[in-house]
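Letter by letter, the chains look like this.
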Amino acid sequence: MDIKEIAKIIGFEYSGDSFEISGINTLKDALPNELSFVTNPKYFKDVEDSKAGAIIVSQAISLSVPSGSIALIVDEPYLMMAILSKSFSSPIEDVDAPKAIIGEGTKLSQKAEIANGAMIGKNCTIMSGVYIGSGCVIGDNTILYPNVVVYRDCKIGSDCIIHANTTIGSDGFGFATNKRGEHTKIYQNGNVVIEDDVEIGSSTTIDRAVFKTTLIKKGVRIDNLVQVGHNCEIGEYAVLVSQTGIAGSSKLGRNVVMGGQSATSGHLEVGAFNTFAARSGITKSIKENGGTYAGFPLMDHKMWLKLQAKLARLIK
Amino acid sequence: MNDLSHASARQLSFAEHKKYTTDLQNSKASAFLIPENLIEALPKNSSYIVCENVSISMAYATKLFAPRKIDFKAPDPLRGEGTYIDERANIEDGVIIGKNSTIMAGVYLGSHVFIGDNTTIYPNAVIYRDCVIGNDCIIHGGTVVGADGFSFSHTAMGEHIKIYQNGNVVIEDDVEIGANCAIDRAVFGSTVIKKGVKLDNFIHIGHNCEIGEYSLFVAQSGVGGSTKLGRNCVVSGQSAFTDHLDIAPFSTFTARSGITKSIKEPKGVWSGYPLMPHKEWMKLQSKIAKLIKE
C-alpha cells in the first residue's frame, strides 16, 4: 500500500515521495517497508530506535521520530492504526491458491474441510468436521479430533494431539475505542505457531497474534477450556490445567504449571519452573524460577496456607 | 406462552406466587396457570387452570409450544448478492442471509435464522433456529448462539423438568463474538446483544440477558439469566454475574469480579467477590497482607 494512500486514509497531509508499505508492526520489529505507531509518550525511546518506514504519532511525540522514518501526525494514533489494520488483513481464504498438499499415510475424513494453500504432513489423522485454513502447515503424525478449527496461516508441529472443538488462530481481542465509546476492530494479522509434541484438550481457544506470532512451545500440555490470548508465548513443557486463562502478550517460562481456573493478566513474564495452585490470579511478572504460588492477589503458597489458617480463626 | 408482563391476548401465562398479583392483574394474556389463592387476582373474563405446582405445570406446558427442531415446511433459504456460503455449511430452510456475508465450512444455520450484510461466521459456529444476527458482525469458530437456556422446574423427588426455551437470540449490528462462546436463547422473548458489543473467547451469556451497546467482555466471563447491562460496561476476565440483575451503564469490573446485586450508579469501578468498590478492595488487600505478617 502506498504511503500516500495511507496518509489519505488517516487524514495526514503528506507531500513526500511515494513508497510501498507492506504491513504494520511494533516499533521494535518494524522494518523500513513497514508502518508502526506509538500511543504512549513513555515509548519515545523505542520511537527513536525504530527502523519503521513510517510511524503514526501524536504531535507530542513527533519530534522523537528518527530521520529515516516518516512521522504521520494525527490526533488519535491508536484509532488510526486500527482503521489501517483492515487494509493489511488477508482475505479469509485464498480461493486461488493451489490445492492443499496432503502427506503420505495421512487419514483425512471426507467431512473435513482443507482450504487451498494448506499443507499437511505424513501419517496425520484429520477427523470429520475439522477446518484447516489457507496457508496452514501441519507436521507429521498429528491428530486433529472432530470439529477442530485452525484459522489461516497457523502452524502446528509433528506429534501433536488436538481434541474436539478447539479453535486455533481466532482473532485476538483488540479494539481501539473512540471518544464516543465505539470500538474499531484491530485486525489480527499474525498467526499461531504450535511446536512439536503439544497436546491440547477439547474446546480450548488459542488466539492469533495482532502482529507476528502466538507461540506454544515444544511439549506443552493444555487441558480443556483453556484460553490463550494473542501474542502469548508458552514455554516448553508447561502445563495449563482446565479453565485457565493467559491474557495477551504474557510469556510463561518452561515447565510452568498453572492449576485449574488460574489466570494471568496481560504483558507479564513468568520465570521457568514456577507452579501456581488452582485459582491463582497472577497480575505481576515473576522473575524468580521454581516458586510455588497461590491466591488472588497472588502470594507465596506457604503464605497463602498461613492466611487461610488465620482467616479460619477469624471466623470463629 | 409468555410471562405475565409480555403475554399478548392469544397467549398463555402463569403466576406462581402472590408476589406476582399486580402483574397478574395487569396481564393481557387470555389464559393462566395459577395456584388456587390467586383466582381472585385474575383479570376479568380470563380462562385459568388451577395447578397444584404452577412451576412444574408451566414446564410441561412449554413443551407443547416448542417448535420443531427443523422446520421442513419453510421456504428455500435466500442469500443476498456477494454472499459466500461454503459447501460444507449446513443451511436449513427459511434462512435469510444478506449481502456480502461469509458463511464458512461446518457452520450450521437453523430454520428461519436471519443474518445481515457483511457478516462473517467462522467454521463450526452453530446458530440455532429463529436467531437473528445483524450487519457487520463477526462470529468466531466453535461459538454456539441460541442453545437452550439453563432452566428447570424441580419436583419434590428432586427431578428436573425441562422448561423449553422457545425464545431466540438477537445480535445487533457491529458485534464481534470470540471463539467457543455460548449465547443462550430466551425462554420467552429474546436474549439481546446490542450494537457494537465485543465478546472475547469463552463468554457465557445466559437466557434473556440484555448486553448494552459497546460493552466489552474479556475471556471466561459469564452472565446469569435475565441480567441487563447498560451501555459501555467493561467486564474483565473470569468475572461473573448472577441472574436478574440491572447494571448501570459505564460500569467497570476488574478481573474475577463476582456481581450478585444490581448496580444503580453509573461509571463505578468494582472488584472482588463479594463485590465492592475497587478502592475498598485495594484497602482490603493491604489489610490482608498485614494480617499475614502479624
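Rules used in this analysis
- Residues numbered from 1 in each chain as written.
- Chains lettered and ligands numbered in written order.
- Predicted model: local features only at pLDDT ≥ 70, side-chain atom pairs only at ≥ 80, totals over all residues.
- Helix = DSSP H or I, 4+ residues; strand = E, 2+ residues; numbered from the N terminus.
- Buried ≥ 20, exposed ≤ 12 C-beta atoms within 10 Å, placed from the backbone.
- Domains from an automatic or database assignment.
- Nonpolar A, V, L, I, M, F, W, Y, C, P; charged D, E, K, R; others polar.
- Pairing = 2+ DSSP bridges.
- Contact = placed C-beta atoms within 7 Å.
- Axes fitted to C-alpha atoms, helices over the stretch in contact; angles between N-to-C directions.

Honestly, the overall build of chain A in this entry has me stumped. Any pointers?
Looking only at helices and strands, chain A has four helices and 35 strands in total. Dimensions of chain A along its principal axes, counting C-alpha atoms only, are 70 × 60 × 35 Å. Per-residue burial over chain A gives 47% buried out of 316 residues.

Please explain the domain arrangement of chain A as it appears in this structure.
Accessible area lost upon the coming together of the parts is a frequently used measure of interface size. Residues and elements named next belong to chain A. Per the domain assignment, the segments making up chain A are domain 1 (3-88) and domain 2 (101-303). Here the C-alpha centre of domain 2 lies 30 Å away from the C-alpha centre of domain 1. Sorting the residues of the side of domain 1 that touches domain 2 by element identifies strand 1 (23-24) and helix 3 (77-85) as the ones contributing at least two each. A per-element tally of the side of domain 1 that touches domain 2 places helix 3 first, with five residues. Residue classes in the side of domain 1 that touches domain 2 are distributed as six nonpolar, four polar and two charged.

Before we go on, may I ask you to explain the sheet that holds strand 1 of chain A in this structure?
Pairing between the strands of a sheet comes from backbone hydrogen bonds, and it takes one of two forms, parallel or antiparallel. Residue and element names in this part refer to chain A. The sheet built from four strands is open, its strands ordered 1-2-3-4 with parallel pairing. Lying at the two open borders of the sheet, with one neighbouring strand each, are strand 1 and strand 4 (70-73). Note that strand 2 (residues 34-37) and strand 3 (residues 54-57) share three bridges and pair parallel. In the strand pairing of strand 3, L35 is matched with A54. Packed on one face of the sheet, helix 1 (residues 3-10) meets strand 2, strand 3 and strand 4 and runs near 20 degrees to strand 4. Each of strand 1, strand 2 and strand 3 touches helix 3; the most contacted strand, strand 3, lies at about 130 degrees to it.

Mind showing me how you'd approach the pairing of strand 16 (residues 167-171) of chain A here?
The two faces of a sheet get side chains in turn, since along a regular strand they alternate between them. Residue and element names in this part refer to chain A. Extensive coverage of strand 16 is indicated by the burial of five of its five residues. Relative to strand 16, strand 13 (residues 149-150) runs parallel, the two being bridged by two bridges. Note that in strand 16 the partner of V149 across the bridge is T167. Here four bridges tie strand 16 to strand 21 (residues 205-208), and the two strands are oriented parallel to one another. Its bridge partner being in strand 21, D171 is matched across the sheet by R208.

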